[in-house]
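Take a look at the letters that make up each chain.
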Amino acid sequence: MGNLLAGKVAIVTGAGRGLGRAHALALAAEGARVVVNDLGGAVTGEGGDLSPAQTVVEEIRAAGGEAAANGGDVTSTADGRALAEQALDTFGRLDILVNNAGNIRNQLFVKMSEEEWDSVIAVHLRALYTVAKPAAEVFVKQRSGRIVNTASEAGLGGYAAANYAAAKEGIVGFSRTLALELGPFGVTCNAIRPRAGTRMAGAVDMQKALDLARQGKLPLPDFMFEIEGMTEGSDSFAPELVSPLVVFLCTEAAGHVNGRDFIVGGGEISLVSLPEKARTVFTRERWAQQDLQELLPRTLVRGLRNPAAPQ
Ligand SMILES: NC(=O)c1ccc[n+]([C@@H]2O[C@H](COP(=O)([O-])OP(=O)(O)OC[C@H]3O[C@@H](n4cnc5c(N)ncnc54)[C@H](O)[C@@H]3O)[C@@H](O)[C@H]2O)c1
């Protein structure tokens, strides 16, 4: 057991399995007392079962740590508030929130049902209000706190995942904004884009997509080729390879790291840059449409390729 987080109390959502479980164990191994939240449903988000959260609590206790189980639904305002209250009632304080719970409902956008859209947006985005707001209220009052949110490289462009990509990139914008709002109160808020061979990774037929992409039949973003082999249970993409960054972001050493976004997994940790202007054209007048039609292909959009068109 280390002591980097001795005396601290953490909430990890969706911590009954996968990445959340690894984060909860890693935070506890550094001395944090952990509220292990998990609704315990299917990978699509349906159903509920307290036993995954309870099992992780038992694992933490067996390793000499302290933990409590919470079976709340992160999409519920009442459950989100109860989660913060459970940390305060059980352990007397709250210092860390890791927003990790997630579901996936992949579908081509033109076939996507309203329910598939809403359920993914709710678990990933609505939860930032329901869970993070009560925690942020505590953090602002005590003038300290750490929030780590879970985004995804799928936000850079996924396939059959418009709901998931929209939610995950929203999480990055939320994190940057909260960093600015809460930074003056000694609170940091960062986002990670993990890579891990969990149940969720197993729910996506990545190999089939990569095979089709190699045959030129499917446009895929470049990062997908870096995570080939990230199947459920793969050692090289174990969730435990992600958690040390989460722990670091929650320690004193990361007090100056705020509003940032990281790609992490398979042994790699990368700091992602803010989107930057690549090229600019400028006028002091109003653009004449015909001038712009001629100017842009020669300047701003010169050499760009449509990634979805056959090359
Ligand atoms: N595995 C990856 O490569 C990867 C990549 C990018 C992002 N992510 C994100 O990482 C996070 C963890 O995913 P994972 O891969 O460990 O998947 P996972 O399915 O193993 O774990 C997700 C957990 O969240 C819980 N959960 C779902 N809905 C909930 C709700 N409404 N309330 C409370 N708990 C709920 C589930 O019960 C489950 O235990 C997710 O946000 C996911 O989108 C994962």
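Residues numbered from 1 in each chain as written. Predicted model: local features only at pLDDT ≥ 70, side-chain atom pairs only at ≥ 80, totals over all residues. Heavy atoms only, no water.

### Section: helix α1 (residues 18-29)
- Look at α1: 17 Å from first C-alpha to last across twelve residues, which is about the 16 Å you get at 1.5 Å a residue.
- By the burial criterion, the buried members of α1 are Leu19, Gly20, Ala22, His23, Ala24, Leu27 and Ala28.
- The inward-facing, buried residues of α1 contact β1 (9-12), β2 (33-37), α2 (51-62), β4 (96-99), β6 (187-194) and α10 (243-249). (Helix = DSSP H or I, 4+ residues; strand = E, 2+ residues; numbered from the N terminus. Expected span 1.5 Å × (residues − 1). Buried < 20%, exposed > 50% of the residue type's maximum accessible area, 1.4 Å probe, protein only. Contact = heavy atoms within 4.5 Å.)

### Here's the deal with the nonpolar core
- Residues Ala24, Leu27, Val34, Val36, Ile60 and Ile192 are the most contacted members of the largest nonpolar core, which totals 31 residues.
- Of all the secondary-structure elements, those providing two or more residues to this core are β1, α1, β2, α2, β4, α10 and β7 (261-265).
- Apart from residues no more than four positions distant in its own chain, leucine 27 is found in contact with Leu5, Ala10, Val12, Ala32, Val34, Val98, Val247 and Cys250.
- Grouped together as the second largest cluster of nonpolar side chains are 25 residues, Ile11, Leu83, Ala136 and Leu182 included. (Core = buried A, V, L, I, M, F, W, Y, C linked by side-chain atoms within 4.5 Å.)

### Notes on the pairing of β7
- Extensive coverage of β7 is indicated by the burial of five of its five residues.
- Side chains Asp261, Ile263 and Gly265 of β7 all project onto a buried face; the interleaved residues Phe262 and Val264 project onto the opposite face, where all are buried too.
- Inspection of the sheet shows β6 paired to β7 by four bridges, in the parallel sense. Bridge pairing links arginine 193 to isoleucine 263 in β7.
- Here β7 runs beside strand β8 (residues 268-271); their pairing, made up of four bridges, is antiparallel. Considered in β8, the bridge of phenylalanine 262 is made with leucine 271.
- In this antiparallel pair of consecutive strands, β7 and β8, the connection spans two residues, and glycine 266 shows a positive phi of 60°. (Pairing = 2+ DSSP bridges.)

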